[in-house]
Amino acid sequence: MNNNNPIGLFDSGIGGTSIWKEIHELLPYEDTIYLADSKNAPYGQKSKDEIIALSIKNTEYLLNQNAKIIVVACNTATTNAIKELRAKYDVPFIGIEPAIKPAAVKSEKHIIGILATQGTLNSELFHQTAEKFHDTKIVEQIGTGLVRLIEDGEMHSKEMDSLLRKYLTPMIEANIDYLVLGCSHYPYLIPQIQKILPKDIKIIDSGEAVARQTKSILSERNALKSEDKKGEAVFYVNSSPKVLTEILQDKYKVIARDF
Ligand code: DGL
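What counts, and where the lines are drawn
- Residues numbered from 1 in each chain as written.
- Predicted model: local features only at pLDDT ≥ 70, side-chain atom pairs only at ≥ 80, totals over all residues.
- Heavy atoms only, no water.
- Pairing = 2+ DSSP bridges.
- Helix = DSSP H or I, 4+ residues; strand = E, 2+ residues; numbered from the N terminus.
- Axes fitted to C-alpha atoms, helices over the stretch in contact; angles between N-to-C directions.
- Core = buried A, V, L, I, M, F, W, Y, C linked by side-chain atoms within 4.5 Å.
- Buried < 20%, exposed > 50% of the residue type's maximum accessible area, 1.4 Å probe, protein only.
- Contact = heavy atoms within 4.5 Å.
- Salt bridge = Lys/Arg side-chain N within 4 Å of Asp/Glu carboxyl O.
- Near = heavy atom within 4 Å.
- Polar contact = N/O pair within 3.5 Å; in protein donor to acceptor, adjacent residues only side chain to side chain.
- Areas by Shrake-Rupley, 256 points an atom, 1.4 Å probe, with all protein chains shown as cover.
- Nonpolar A, V, L, I, M, F, W, Y, C, P; charged D, E, K, R; others polar.
- Lys, Arg positive; Asp, Glu negative; His and termini not counted.
- Expected span 1.5 Å × (residues − 1).
- Bend = angle between axes of the 7 residues up to and from the residue.
- Phe/Tyr/Trp six-rings, centres within 6.5 Å; stacked < 30°, edge-to-face > 60°.

Pairing in this open sheet of four strands is parallel, and the strands run β6-β5-β7-β8 from one edge to the other. Lying at the two open borders of the sheet, with one neighbouring strand each, are β6 (137-142) and β8 (202-204). This sheet shows a mean twist of 25° between the axes of neighbouring strands, independent of strand direction. In this structure, strand β5 (residues 111-116) lies alongside β6, joined through six bridges in parallel fashion. Looking across to β6, one finds that Gly113 is bridged to Val139.

Below is the structure:
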């Protein structure tokens, strides 16, 4: 592993930039390459085989750019494909899974809600994790349509508000005290979600934990880049770059190209 090589990340679109931000904040000297596979979004309704094939395509692209570690910045791709990726490639992979554990451990009511894609909630990995916390009631909700609206730049639309109300109301009625955001797109919805949820329901996502894990794996392998100059970040997107550029506030290099 060459320490000066970049950290590679991929997601079905712009959502994984919520993970990238945490990594960039914790490891500002590292170079990063981010793939937004928006052309194929949403992954959440695709079959496991399709998700594996797309994850392999993204991984190959990042390896061709010399990624020293790959962060699968997508819950759906992690829960459906990380086992296959780890078996196929030598490079270390960091995955992102819904933060069931911290929510279950902290919940006083022992009732938590999870909002995630169909692909994540149907995956074997999700069920294995959920079974470990059988003392906690988990109210599951598929966030159909949310990723599409975010990718289309409709994050603050009326349609988003009514979908969120529809998905969150049963959880409020079920008396949850923690809401797990099990999709890397959803942290961008936190302000809207907070307007709907009562104040005593707390929101948890996995971004910070993924960043800490990335740092610890790189440091275990002596693969952290030296702290001589700030890292460079490049974002590739295979459909319109508009929403990605907006979300990054025009501060970083966004390249539109097919991959
Ligand atoms: N950001 C992906 C995730 O974390 C979104 C999946 C999708 O494209 O449906 O699950």
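The subject of this paragraph is the nonpolar core. Val71, Leu146, Leu179 and Leu189 are the most contacted members of the largest nonpolar core, which totals 52 residues. The biggest single contributor to this core is helix α8 (residues 158-173), with six residues. Discounting chain neighbours no more than four positions away, the residues touching Leu146 are Leu115, Met160, Leu163, Leu164, Tyr167, Tyr186 and Leu189.

Moving on, we come to the pattern of salt bridges. Counted according to the given criterion, the structure contains eight salt bridges. Among the ionic pairs, Lys57 bridges to Asp37, the shortest N-O distance being 3.2 Å. Here Lys57 is found in helix α2 (residues 48-64), whereas its partner Asp37 is found in the loop between β2 (32-36) and α2, with 20 residues between them in sequence. On the basis of relative accessible area, Asp37 is assigned to the buried category, the value being 0%.

Near the ligand you find 13 residues, and of these Ser12, Tyr43, Gly44, Thr76 and His185 are the closest. In this structure, Tyr43 approaches the ligand through a main-chain N or O atom, which is 2.7 Å from an oxygen atom. Thr76 has a polar side-chain atom sitting 2.6 Å from an oxygen atom of the ligand. Protein contact buries 99% of the 300 Å² of open area that the ligand shows by itself. When its residues are assigned to classes, the shell around the ligand shows five nonpolar, seven polar and one charged.

Turning to its location among the elements, Asp31 is positioned in the loop between α1 (17-26) and β2. One buried charged residue, Asp31, remains without a salt bridge, the closest side chain of opposite sign being Lys225 at 4.2 Å. Engagement of the side chain of Asp31 in a polar contact is seen with the backbone nitrogen of Glu232, the distance being 2.7 Å. Setting aside residues no more than four positions away along its own chain, Asp31 makes contact with Asn4, Pro6, Ile7, Lys225, Gly231 and Glu232.

Mapped onto the secondary structure, Glu50 falls in helix α2. With 199 residues separating them along the chain, Glu50 and Gln249 place their C-alpha atoms 32 Å apart. Reaching out from Glu50, the side chain makes a polar contact with the backbone nitrogen of Ser47 at a distance of 2.8 Å.

Since the α-helix packs 3.6 residues into each turn, any two residues three or four apart lie on the same face. Spanning 14 residues, helix α3 (residues 75-88) covers 19 Å between terminal C-alpha atoms, matching the ideal 20 Å at 1.5 Å per step. Along α3, the sharpest change in direction is near 65° and occurs at Ala81.

Before going further, it helps to examine the packing of aromatic side chains. Across all of its chains, the model carries seven aromatic pairs by this definition. The interplanar angle of 40° and the centroid separation of 5.5 Å between the aromatic rings of Tyr34 and Phe235 together place this pair among those described as tilted. Linking Tyr34 in strand β2 with Phe235 in strand β9 (residues 233-237), this pair joins segments that are 201 residues apart in sequence. Its relative accessible area of 0% is what places Phe235 among the buried residues. Counting every residue linked through ring pairs, the aromatic cluster contains Trp20, Tyr34, Phe235 and Tyr252.

Let us look at the side chain of Asn75. Tracing the backbone through its elements, the reader meets Asn75 in helix α3. A relative accessible area of 2% places Asn75 in the buried class. A polar contact is formed between the side chain of Asn75 and the backbone oxygen of Gly182, at a distance of 3.4 Å. Asn75 has contacts with Ile96, Glu97, Pro98, Thr120, Gly182, Cys183 and Ser184, leaving out every residue within four places of it along the chain.

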